[in-house]
Amino acid sequence: MTRSLRDCWVSFGQFAATFGSFQMFSLRLLPYLPKAFLRPRLITDQIYSLGALSLVLIMFGGFFVGTVLALQSYSTLVEFGQVDALGAFASEALVRELGPVVAALLFAGRAGSAVASEVGLMRATNQLAAMELMAVDPMQRVIVPRFIAGVISVPLLAAIFCTMGVLGAYLVGVHLLGVDVGAFWSHIQDRVDLVDDVGSGLFKSFVFGISASLMGVYEGYNAAPNASGVSRAATRTVVITSVWILLFDFVLTGMTMPGV
Amino acid sequence: MSSESRAIDIGVGLFILLGLGSVIFLTTQTLGSTALSESTSYTLHAHFDHIGDLKVRAPVALAGVTIGRVSRISVDPINYQASVELRIDKTFNQFPIDTFASIATTGLLGGKYIELGPGGDEEVLQDQDEIEFTQSAILLENLIGKFMVNGKGDKDE
C-alpha cells in the first residue's frame, strides 16, 4: 500500500519535473527567436524538409477526408432534402475542425517525429556537444530553425489540407452525387465566415504548430544518448503532441465558438 | 549556389505559394457577392415584435435576391421590440420611405431572412434611417395552434 502510494508520488514528481523542464526549455528558446532570422538559410532548409516534404501526405489526407465527409454527410442530408447544404457542411467542418487538427496530427507523425529523432541522434553521437566545443550554440544553430520552420509550416499545411478537402467534397458532391454546382458554392459563401471560421481555424493551427514543433525539438534535445533514447524521443513526440493537440482543440473551440 | 540548395529554394517557394494560395482560396470563398464593407453599404434599422429565429448574417432580400445582411440584433428595453440593423448594398439606395420589411422563411425548414417590399413614396430612405412598416416572423407553432382552434370551432357548430 505505502509502496504503491510512494510509486505514485515518485511518478507524479517525475511528471512535474518533465513538465517544468519543458517550460524552462520553451522560455530558453524565446530570446533566440529574433536572432534566428539573421540566418534565413537555416530556416528555409527546415521549411523544405518539414513542410514541403509533408505536402504529398497532407494533400492526399485532405482530399480524401473531404471526399469521405461529402459522402457521409450526403447520406444524412438527403433524408432532410437539404443536399444543397453539403458544401457548407463539409467546408465548415474542414475549416473549423478537421483541417487544423488532422493536419497537425499528420505533421506530428511525419515531421515532429523526424525532428525528434534527428536531434536525438545528434545528441547521441555528441554532435551537439561538438558544436558547443566549437562555440556554436546548438540552440541557435539546430533547435530554433526547426522550431520556426514548424510554426510557419503547420498553418500553411492546414490551409492546403482544407483546400484539398473542399475540392474533394466538390468532386464527390457535384460530380458523383449530383449536387447543384451553384448551390454548393453559394452555401459555402453563405455559411463560412472569414473571421469566425477561417480565422479561428488558422489561429488553431498556429497554436498546434507551436506545440508540435516545440515538442519535437524538446524531446530530441533531451533524449537519452543511446538508440532506445532516440526511438523513445520520436514516440513520445507523436504521443504527447497528439494529446496536446486534441486537448488544445477542445479549449480553443470552446473559446472561438460563436454563441457558446 | 549549388544545385541542391537551388532545389530546396524551389521546393520552399512552391510550398509557400501553395499555402498562401490555399489561404486566399479559403478567404475568397467567404467573400462572395454578399460581403459588404463599410464603404460599399449603408445601414437601415427596423423594429419587429418578434423575429423568430432570425440570425445575424441572415440575408436581406429584394424580390428574393440577396442585397444585404442583418448586421446586428438587439432588444429595445423601452418598447420591448427587437431592433434589427440591416447592411444593404449601396447600389440599392433608392428605397421609398414607406418600404415594407417582413421576416420570411426559406423553404419549410430553412432559416429566416428579411424581405423588403418597396413602397411608392417619393422620399427615399437614407443611411441610418428606420423602416417603419414591418411584419414580424410568422411562427409556425402559432399558425398550427390557430388552425387547431379553428378546426375545433367548426366541428362544434
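Before going into details, it helps to say that this report is about the structure given with it. (Residues numbered from 1 in each chain as written. Chains lettered and ligands numbered in written order. Predicted model: local features only at pLDDT ≥ 70, side-chain atom pairs only at ≥ 80, totals over all residues.)

**As for the overall build of chain A**
A tally of regular secondary structure across chain A gives ten helices and zero strands. Each helix (α) and strand (β) of chain A, taken in turn from the N terminus, gives the series α-α-α-α-α-α-α-α-α-α. For chain A, the spread of C-alpha atoms along the principal axes amounts to about 65 × 55 × 30 Å. In chain A, which comprises 260 residues, the proportion classed as buried is 46%. A sequence separation of at least 24 residues applies to 87% of the contacts in chain A between residues at least 6 apart. (Helix = DSSP H or I, 4+ residues; strand = E, 2+ residues; numbered from the N terminus. Buried ≥ 20, exposed ≤ 12 C-beta atoms within 10 Å, placed from the backbone. Contact = placed C-beta atoms within 7 Å.)

**Here's the deal with helix 5 (residues 86-124) of chain A**
Bending of helix 5 of chain A peaks at approximately 50° at the position of Leu94(A). A large share of helix 5 of chain A lies buried, amounting to 30 of its 39 residues. (Bend = angle between axes of the 7 residues up to and from the residue.)

**Some points on the sheet that holds strand 1 (residues 41-48) of chain B**
All names here are of chain B. Spatially, the eight strands line up as an open sheet ordered 7-1-4-3-2-6-5-8, and their pairing is mixed. Whereas interior strands pair on both sides, the edge strands pair on one side only; in this sheet they are strand 7 (129-131) and strand 8 (133-135). Within this sheet the neighbouring strands show an average axis-to-axis angle of 30°, counted without direction. The sheet contact formed by strand 1 and strand 4 (residues 82-89) spans eight bridges and is antiparallel. Among the inter-strand pairings, serine 41 is bridged to a residue of strand 4, identified as aspartate 89. (Pairing = 2+ DSSP bridges. Axes fitted to C-alpha atoms, helices over the stretch in contact; angles between N-to-C directions.)

**Topic: the nonpolar core**
Residues Leu86(A), Ala103(A), Ala104(A), Phe107(A), Leu157(A), Ile160(A) and Phe161(A) are the most contacted members of the largest nonpolar core, which totals 79 residues. For this core, the secondary structure elements donating two or more residues are helix 3 (40-51), helix 4 (55-77), helix 5, helix 7 (138-176), helix 8 (181-191), helix 9 (194-221) and helix 10 (227-256) of chain A together with helix 1 (3-30) of chain B. For this core, the leading source of residues is helix 7 of chain A, giving 21 residues. When sequence neighbours within four positions are dropped, the list of residues in contact with Leu157(A) reads Gly51(A), Ser54(A), Ile58(A), Ala103(A) and Phe107(A). Of all hydrophobic cores here, the second largest spans 22 residues; its members include Ala46(B), Phe48(B), Ala82(B) and Leu125(B). (Core = buried A, V, L, I, M, F, W, Y, C linked by C-beta atoms within 7 Å.)

**Side note on the interface of chain B and chain A**
Facing 20 residues of chain B, the contacting portion of chain A comprises 21 residues. Broken down by class, the residue content of the side of chain B that touches chain A amounts to eleven nonpolar, eight polar and one charged. (Nonpolar A, V, L, I, M, F, W, Y, C, P; charged D, E, K, R; others polar.)

**Considering unusual backbone geometry**
Backbone geometry follows two general trends: most residues other than glycine have a negative phi, and most peptide bonds adopt the trans configuration. Phi angles above zero are rare outside glycine, and Asn126(A) is one such case at about 60°. By the secondary structure assignment, Asn126(A) is in the loop between helix 5 and helix 6 (127-133). Even without a glycine there, the phi angle at Gln128(B) is positive, about 70°.

**Quick notes on the packing of helix 5 of chain A against helix 7 of chain A**
All names here are of chain A. Their axes nearest at 7 Å, the elements helix 5 and helix 7 cross at an angle of 145°. Helix-helix and strand crossings are classified by hand; for helix 5 and helix 7 the assignment is right-handed. Grouping the amino acids of the contact of helix 5 with helix 7 by side-chain chemistry returns 22 nonpolar, six polar and one charged. (Left-handed = near helix turned anticlockwise from the far one by under 90°.)

**Side note on the pairing of strand 4 of chain B**
In the case of a regular strand, side chains alternate between the two sheet surfaces. All names here are of chain B. Bridging between strand 3 (residues 65-75) and strand 4 involves seven bridges; their strand directions are antiparallel. Paired with serine 74 across the two strands is serine 83, which belongs to strand 4. Taking the residues between adjacent antiparallel strands as the criterion, strand 3 and strand 4 are bridged by six residues, where tyrosine 80 takes a positive phi near 60°.

**Side note on the pairing of strand 3 of chain B**
Residue and element names in this part refer to chain B. Sheet topology places strand 2 (residues 59-62) next to strand 3; four bridges connect them, and they run antiparallel. Residue pairing across strands places alanine 61 opposite threonine 66, the latter belonging to strand 3. Between the end of strand 2 and the start of strand 3, which pair antiparallel, lie two residues, with alanine 63 showing a positive phi angle near 55°.

**Quick word on the packing of helix 4 of chain A against helix 5 of chain A**
Residue and element names in this part refer to chain A. Contact geometry for helix 4 and helix 5: axes closest at 9 Å, N-to-C directions at 145°. Every pair of crossing elements has a handedness; the one defined by helix 4 and helix 5 is right-handed. Between helix 4 and helix 5, the contacting residues are Leu57, Ile58, Gly61, Val65, Gly66, Leu69, Ala70, Ser73, Tyr74 and Leu77 on the first element and Leu86, Phe89, Ala90, Ala93, Leu94, Leu98, Val102, Ala103, Leu106 and Arg110 on the second. Looking at the contact of helix 4 with helix 5 residue by residue, the classes come out as 16 nonpolar, three polar and one charged.

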